[in-house]
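Architecture at a glance
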Amino acid sequence: VDAKGRTIIPGLIDSHMHLLGYGEYLSSLILTKVESIDEIVKKAKKYIKKNNLTKDDWLIGQGLNDEQLSEKRMPTRKELDSISREIPIVIKRICFHSISCNTRALEIAGIDENTKIDGGKIEKDENGQPNGIFREAAKELIERNIPKPSVKDIKNMIKKASKVAVQNGLTGVQTDDFCIIKEKDAWKRIIEAYNQLEEEKKLPIRIYEQCLFHDENELKEFINKGYKTGVGSEMFKIGPLKILSDGSLGSRTAYLSEPYKDYPNNTGTPILKKEEIENLIQIAHDNNMPSAIHAIGDKAIEIAIEGIKKAQSKNEKDDIRHGIVHYQITNEKIFDEVKDNKIITYIQPVFVGYDSKIAESRIGKERAKTSYNWKRLFDMGITAALGTDCPVESLNPFENIYCGVTRQDNDGNPEGGWLPEQKISVEEAVKGYTINSAYASYDENKKGTIEVGKYADMIMISEDIFNIDPNSIKDIKCKMTIVNGTIVYNG
């Protein structure tokens, strides 16, 4: 292939995202740019009309950031009732840790003022009635009633998302898909969908599945059926156990060791008890399955580290690559512990674009100084694998790299970058997207660099990413994506 002077780099590997969730997102009412609840209502009414939805359908909205709304809050059920009282409606916050729904959705779920849930919150109005806003585990009371996709539906969503992924220069994704369908044993249909796509040669991208389980018996059943890290093919492979331990900073559900600065009676929402997290890590560890633990708040991160240390102390293993996903609110001790225990960090530099606007108000200036410290990871020799958490953020890797290098949002704010001493170099960012992500899946000898003996996974890009103005990195386009020597995208 004549690259005509263009730059070739190793294929990029997103270390943590939700490919199936992105496919679902592309099929939903997209609310990423709305600025008011009234705008949500208008868009939703148009969507219903355009898609001929009836009372037998559900309207699902995705990508809503309530901080960007003039009201600065999630819509209530009464506001969503103005869209429809017959069609059940669910609006998902961009972080997926909070939802809003209308009265019809509550009725279907059988929720009233007496409904209770551990590990989550059902918000109430002034009369003590559910106001339609559900956070963390409480979401499942609603989401488990949404009609479940068939294997065919799942395949279509994966194909739709994969097409966009390769157009953006991704040759591999490490994806948490089991969390998308709120149904026991849904993982079986998801695995079947991937296997069928591979057999049909319709899977253009390498998949490493981060397997979410919170029930010990389900995890044991999964393992007993022969599913462990590394099982599968070079196109679809089982990865680590995924554990969701806390929420997000945006919805004030990240689990902190000290209260939120702007919500003094709240330290966040632990989704699982410390003992439950430790037991899950131990079961996986004993079966040579590392854990990738979603932990955003410092308390959640500390619990994750402790669980990893305990598992190793009970059953020491030489090369089991446990990791922490997101790793945002941190302190000096946490960094030392992560380094000493060889823990991988799955980071999303693109989060800086939005979180820089809220971090200090949420946690205060002092805690913010030692948080989102990506440069420190590279300086300390901690493995940092880059990802986007798509569809929470765009899967565009160049926007992600831009945020890591400039510490700014896409509009160039703040000037000079937020915590500029934590800017990473372009070389570090590309390393995080290639060889470090390959290391996270035990594939550093197969991919992550362009060299003899490795897979021919590479991309051609529109500009020399190493020698352009950092502010232009976000505008780089992928011109060609090659997976295993086959051109899967030619732009």
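Description of the structure in this document. Worth saying up front: this structure is predicted, and the values here are computed from it rather than measured.

Next up on the list: the packing of aromatic side chains. Aromatic ring pairs are described here by two measures, namely the spacing of the ring centres and the angle between the planes. Enumeration over the complete set of coordinates arrives at 12 aromatic pairs. With centroids separated by 4.7 Å and ring planes inclined at 15°, the aromatic side chains of tyrosine 194 and phenylalanine 236 adopt a geometry described as stacked. Here tyrosine 194, found in helix H7 (residues 186-199), pairs with phenylalanine 236, found in strand E11 (residues 236-244); they are 42 residues apart in sequence, far enough to count as distant. Among the residues examined, tyrosine 194 registers a relative accessible area of 0% and is labelled buried. We classify phenylalanine 236 as buried; its relative accessible area is 5%. Taken together, the ring pairs in this structure connect Phe178, Trp187, Phe213, Phe222 and Tyr227 into an aromatic cluster. The lysine or arginine in question, arginine 206, covers the ring of tyrosine 455, its NZ or CZ lying 4.0 Å from the ring centre. Lying across the ring of tyrosine 439, arginine 321 places its NZ or CZ 3.8 Å from the centre.

Take the sheet that holds strand E1 (residues 7-10) next. Overall, antiparallel pairing links the four strands, which are arranged E1-E16-E17-E18 in an open sheet. Both outer strands of the open sheet, E1 and strand E18 (486-490), are each paired with one neighbouring strand and no more. Neighbour to neighbour, the strand axes of the sheet diverge by 20° on average, direction disregarded. Pairing geometry for E1 and strand E16 (residues 458-461), over four bridges, is antiparallel. Across the sheet, the residue bridging to isoleucine 9 is isoleucine 459, located in E16.

Along the chain, the position of tyrosine 260 falls in the loop between E11 and helix H9 (274-286). Not counting residues up to four positions away in its chain, the partners in contact with tyrosine 260 are Ser248, Leu249, Arg252, Thr253, Ala254, Asn266, Thr267, Gly268, Arg362 and Arg367.

Here we come to the pattern of salt bridges. Any two side chains of opposite charge can pair, given that their charged atoms come close. A complete count under the given rule lists 35 salt bridges for this structure. Between lysine 182 and glutamate 143 there is a salt bridge; the shortest N-O distance is 4.0 Å. Here lysine 182 is found in the loop between strand E9 (170-175) and H7, whereas its partner glutamate 143 is found in helix H5 (residues 139-143), with 39 residues between them in sequence. Ionic pairing is found between arginine 321 and aspartate 319, a salt bridge with its closest N-O pair at 2.9 Å. The class of arginine 321 is buried, set by a relative accessible area of 7%. Through salt bridges with shared partners, a single ionic network connects Glu234, Lys237, Asp443, Lys446 and Lys447.

Procedures and definitions
- Residues numbered from 1 in each chain as written.
- Predicted model: local features only at pLDDT ≥ 70, side-chain atom pairs only at ≥ 80, totals over all residues.
- Heavy atoms only, no water.
- Phe/Tyr/Trp six-rings, centres within 6.5 Å; stacked < 30°, edge-to-face > 60°.
- Helix = DSSP H or I, 4+ residues; strand = E, 2+ residues; numbered from the N terminus.
- Buried < 20%, exposed > 50% of the residue type's maximum accessible area, 1.4 Å probe, protein only.
- Lys NZ or Arg CZ within 6 Å of the ring centre and 35° of its normal.
- Pairing = 2+ DSSP bridges.
- Axes fitted to C-alpha atoms, helices over the stretch in contact; angles between N-to-C directions.
- Contact = heavy atoms within 4.5 Å.
- Salt bridge = Lys/Arg side-chain N within 4 Å of Asp/Glu carboxyl O.

Keep in mind these numbers describe shape, not what the thing actually does.
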